[in-house]
Amino acid sequence: MIRTLARRMGRKRWFARAGRLLVPADRLVSRLTRGRVVALGLIPSLLLTTTGRRSGLPRSNPLVFVRDGDAWVVVGSNWGQPHQPAWVHNLAADPSATVTVGGAVHAVRARRAEGAERERLWALLVAEWPAYPVYAERAGGRPIVVFRLEPAS
């Protein structure tokens, strides 16, 4: 019931504002639970850790994800803001990252989805979080990047 309510409220502008404010708390909860609880357990979420393209330091972000075979799929919606989230730029600079899901850490390599694959993955993401089309509209024409995070070999 709470998950259904969260999915419905995700389309509201105030929800996106509140969500952005809660990201630091979500990072803290994720760290304290060693990645077992992300997004308060309301929706399937992971902790993506990239290398800061300027600082060289690890940067962790809680993100909604869907599975696609052995990979995790995430989207750079940034709650519909007109600029890309920093982690998108970090992955463009260095596609090596880690994801923490259910407390387990996995090394991944990010690959930007394009064309028909992007459309297929976008549909999976929208099925999980129906607010994504609203975020894309609010982003004002900015491309919403979809990444497939594949296990590193």
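Provided above is the structure to which this section pertains.
Predicted, not measured: the structure shown is a model, and the values here were computed from it.

## Details of the pairing of strand β2 (residues 58-64)
Part 1: In this sheet, β2 lies alongside strand β1 (residues 45-51) in antiparallel orientation, the contact comprising seven bridges. From the neighbouring strand, T50 faces β2, where its bridge partner is R59.
Part 2: Between β1 and β2, which pair antiparallel in sequence order, lie six residues; one of them, G56, sits at a positive phi of approximately 75°.

## Here's the deal with unusual backbone geometry
Part 1: The phi angle at N78 is positive, at roughly 50°, despite the residue not being glycine.
Part 2: Structurally, N78 is set in the loop between β4 (71-75) and α3 (86-93).
Part 3: N78 gets classed as buried once you look at its relative accessible area, which sits at 15%.
Part 4: Look at W79: it is not a glycine, yet its phi comes out positive at around 60°.
Part 5: W79 gets classed as partly exposed once you look at its relative accessible area, which sits at 23%.

## Overview of the environment of D70
Part 1: Positionally, D70 belongs in the loop between β3 (66-68) and β4.
Part 2: Separated by 79 residues in sequence, D70 and L149 have C-alpha atoms that sit 9.0 Å apart.
Part 3: Each residue touching D70, except ones within four places of it in the same chain, is listed here: R148 and P151.

## Description of the sheet that holds β2
Part 1: Spatially, seven strands are ordered β2-β1-β5-β6-β7-β4-β3 in an open sheet, and the strand pairing comes out antiparallel. Each having just a single partner strand, β2 and β3 make up the two edges of the open sheet. With strand direction ignored, the average angle separating the axes of adjacent strands in the sheet is 35°.
Part 2: Both β3 and β4 contribute to a ladder of three bridges, which runs antiparallel.

What counts and how
- Residues numbered from 1 in each chain as written.
- Predicted model: local features only at pLDDT ≥ 70, side-chain atom pairs only at ≥ 80, totals over all residues.
- Heavy atoms only, no water.
- Pairing = 2+ DSSP bridges.
- Helix = DSSP H or I, 4+ residues; strand = E, 2+ residues; numbered from the N terminus.
- Buried < 20%, exposed > 50% of the residue type's maximum accessible area, 1.4 Å probe, protein only.
- Contact = heavy atoms within 4.5 Å.
- Axes fitted to C-alpha atoms, helices over the stretch in contact; angles between N-to-C directions.

So far we have only geometry, and geometry alone does not tell us how the molecule works.
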